[in-house]
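Architecture at a glance
Here are the chains, one letter per residue:
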Amino acid sequence: MEAFVAVLARELRLAARRRAEWALPLVFYAVVATLFALGASPNAPWLKVAGPSILWVGALLAALLSLERLFRGDYEDGTLEQLFVSPQPVSLLVAGKLLAQWLVIGLPLTLMAPLLGVGFGMGAEVIGVLILSLLLGMPALVLTAGFASALVVGLPRTGVLLPVLVLPLVCPVVIFGAGAVRAAESGAPADAPLYFLGAILVLCVCGVPLAAAAALKNALD
Amino acid sequence: MNLIPNWMHRLASPPTFYGFADRLLPWLALVSVVLLGYGLVGGLALAPADYQQGEGFRIIYVHVPAAWMSLFIYSFMAGAAVVTLIWRIKLAECVLTSCAPIGASFTALALVSGMLWGKPMWGTYWTWDARLTSELILLFLYLGVGGLQQAMGDPRAAARACALLAVVGFVNVPIVHYSVEWWNTLHQGPTITKFDKPSIDASMLWPLLSMALGFTTFFGYVLLQRVQNELLWRERGNPWVVGAALAAKK
């Protein structure tokens, strides 16, 4: 547990020193949402309909772009090897890193979404569901992307490979996440998709650290 | 303790497997030709036209077996992936990486034939129906495995990375399937419904089953050849490869 906290604290300290790491995804998210609005005719009614989908996919892409280098720096400077020679289980340390990533990247995006939601004409209740859905879904996204970036950590340039690996895997998260918001918008109860999101999150929390640790081990072998 | 019988160990050694595949290949080819031949003649010529869909229904003889294969090969690949991860058998790695392009081709075939079938029957090439969408996502999963394998240099590391991805994807496939179903039933009213399949007549069914079996043996045929190539490439420089090359020349 101490090792978990130590890894978490280290990641947070690093992120605090490199502000661009968590600030730029927010800018990216806002720009993408704006571009969608600009692509439509001004105040087009379909924009309100497509809002949940746009906000979800935007958050997903913003998180993905910043997660490509999740393990890269540690791989290059040897920190990763240190993690592997430590007596702690690697999956626990990886879980610490992923939790830090969610705090640094996932959580700010979650808090940013309501602002953009106002722009897409969402009411207070819908925004509440949007926040809830992102709170449950974003960690699952970060975990899945963390697994994929562990797979490709040894590659010099991954480019578009990471999104290609991650996006099919996170289809259910987008379906239930945006689905919850859409349900709220149409006045229906949104708890069913939120429960599904919670279930997916539990599955990811249990499985992904193990899979990611295995992938990292493979890259180091 | 001994989970793998001895003969399996021997078969998993590259030269033995190469020879085994060489002996098996002509039989697989023969069986595939017979089954596919009967299926095509029976399905395209002998079976009566459907009372609702007319001659158009005959796409079923390509479409349904291809869709079956797309799922079967993914399961097969995941099985090879588990073997790769647990026992680190080189042969399983080759099987795994050879499965991805074949599976992607069958999935693409299922999608394209489905689109061609959808146009006359549903009036549209594509609809965001649950089954179509999960098949499309399956294609993306296959392409992800293939892309990862291409991107990584070292074949063994690439195979193990692909194995992890395949296992995670395999866990994910049912989740994707049911979430897509949920999404579609919530989202879309029955504007374009799937036609009710009439319980199929024996004269139509037998060719279909024959096609499905034929597709499977054809998959075995292609897979064995791909695995053979992969083994030759990986073991180039080994004496048995030189021997096999010389034997092939004769």
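Residues numbered from 1 in each chain as written. Chains lettered and ligands numbered in written order. Predicted model: local features only at pLDDT ≥ 70, side-chain atom pairs only at ≥ 80, totals over all residues.

Description of the overall build of chain B
Helices and strands together make up the secondary structure of chain B, namely eight helices and zero strands. Each helix (α) and strand (β) of chain B, taken in turn from the N terminus, gives the series α-α-α-α-α-α-α-α. Expressed as lengths along the three principal axes of its C-alpha atoms, the size of chain B is roughly 60 × 40 × 35 Å. Taking all 250 residues of chain B together, the buried fraction comes to 37%. (Helix = DSSP H or I, 4+ residues; strand = E, 2+ residues; numbered from the N terminus. Buried ≥ 20, exposed ≤ 12 C-beta atoms within 10 Å, placed from the backbone.)

Side note on the nonpolar core
Membership of the largest hydrophobic core comes to 141 residues, with the highest contact counts inside it found for Ala-59, Ala-63, Leu-151, Ala-215 and Leu-216 of chain A together with Leu-96 of chain B. Among the elements that line this core, the one with the most residues is helix α7 (residues 124-151) of chain A, at 16 residues. Excluding residues that lie within four positions of it along the chain, Leu-216 of chain A makes contacts with Phe-71, Leu-80, Val-90, Val-94, Ala-150 and Val-153 of chain A. (Core = buried A, V, L, I, M, F, W, Y, C linked by C-beta atoms within 7 Å. Contact = placed C-beta atoms within 7 Å.)

Quick word on unusual backbone geometry
With phi around 55°, Arg-88 of chain B is a residue other than glycine that occupies positive phi space. Turning to its location among the elements, Arg-88 of chain B is positioned in the loop between α3 (60-87) and α4 (90-122).

Considerations on the packing of helix α2 (residues 19-39) of chain A against helix α3 (residues 45-67) of chain A
All names here are of chain A. At a minimum axis distance of 9 Å, the contact between α2 and α3 shows a crossing angle of 150°. By the criterion of interaxial angle, the relationship of α2 to α3 is roughly antiparallel. The hand of the α2/α3 crossing is right-handed. Each of Glu-21, Pro-25, Phe-28, Tyr-29, Val-32, Ala-33, Phe-36 and Ala-37 in α2 lies in contact with α3, whose residues at this interface are Leu-47, Ile-54, Leu-55, Gly-58, Ala-59, Leu-61, Ala-62, Ala-63, Leu-65 and Ser-66. Counted by class, the contact of α2 with α3 contains 15 nonpolar, two polar and one charged residues. (Axes fitted to C-alpha atoms, helices over the stretch in contact; angles between N-to-C directions. Parallel < 35°, antiparallel > 145°, perpendicular 65-115°, else oblique. Left-handed = near helix turned anticlockwise from the far one by under 90°. Nonpolar A, V, L, I, M, F, W, Y, C, P; charged D, E, K, R; others polar.)

Side note on the confidence of the model for chain A
Caution applies to low-pLDDT parts of the model: their predicted coordinates are not meant to be read in detail. In the predicted model, chain A carries a mean pLDDT of 89, and the fraction of residues at 70 or more is 100%. Taken element by element, the predicted model of chain A shows its lowest mean pLDDT in helix α4 (residues 72-77) of chain A (86) and its highest in α7 of chain A (93). (pLDDT = per-residue confidence, 0-100.)

A closer look at the interface of chain B and chain A
Taken together, the contacts link 23 residues of chain B with 19 residues of chain A. Broken down by secondary-structure element, the contributors of at least two residues to the side of chain B that touches chain A are α5 (130-151) and α6 (155-187) of chain B. With 14 residues, the single largest contributor to the side of chain B that touches chain A is α6 of chain B. Considered class by class, the residues forming the side of chain B that touches chain A number 17 nonpolar, five polar and one charged.

Brief notes about helix α8 (residues 161-169) of chain A
For α8 of chain A, the buried fraction is high: seven of the nine residues fall into the buried class. Among the residues of α8 of chain A, Leu-161, Leu-162, Leu-165, Val-166, Leu-167, Pro-168 and Leu-169 of chain A are the ones counted as buried.

Things to note about the packing of α7 of chain A against helix α10 (residues 191-220) of chain A
Residue and element names in this part refer to chain A. With their axes 8 Å apart at the nearest point, α7 and α10 run at an angle of 20° to one another. Relative to α10, the element α7 is oriented roughly parallel. When you trace α7 past α10, the crossing you get is left-handed. For the pair α7 and α10, the contacting residues are Leu-132, Ser-133, Leu-136, Gly-137, Pro-139, Ala-140, Leu-143, Thr-144, Gly-146, Phe-147, Ala-150 and Leu-151 in the first and Leu-194, Leu-197, Gly-198, Ile-200, Leu-201, Cys-204, Val-205, Val-208, Ala-211, Ala-212, Ala-215 and Leu-216 in the second. Class assignment of the residues belonging to the contact of α7 with α10 gives a composition of 19 nonpolar, five polar and no charged.

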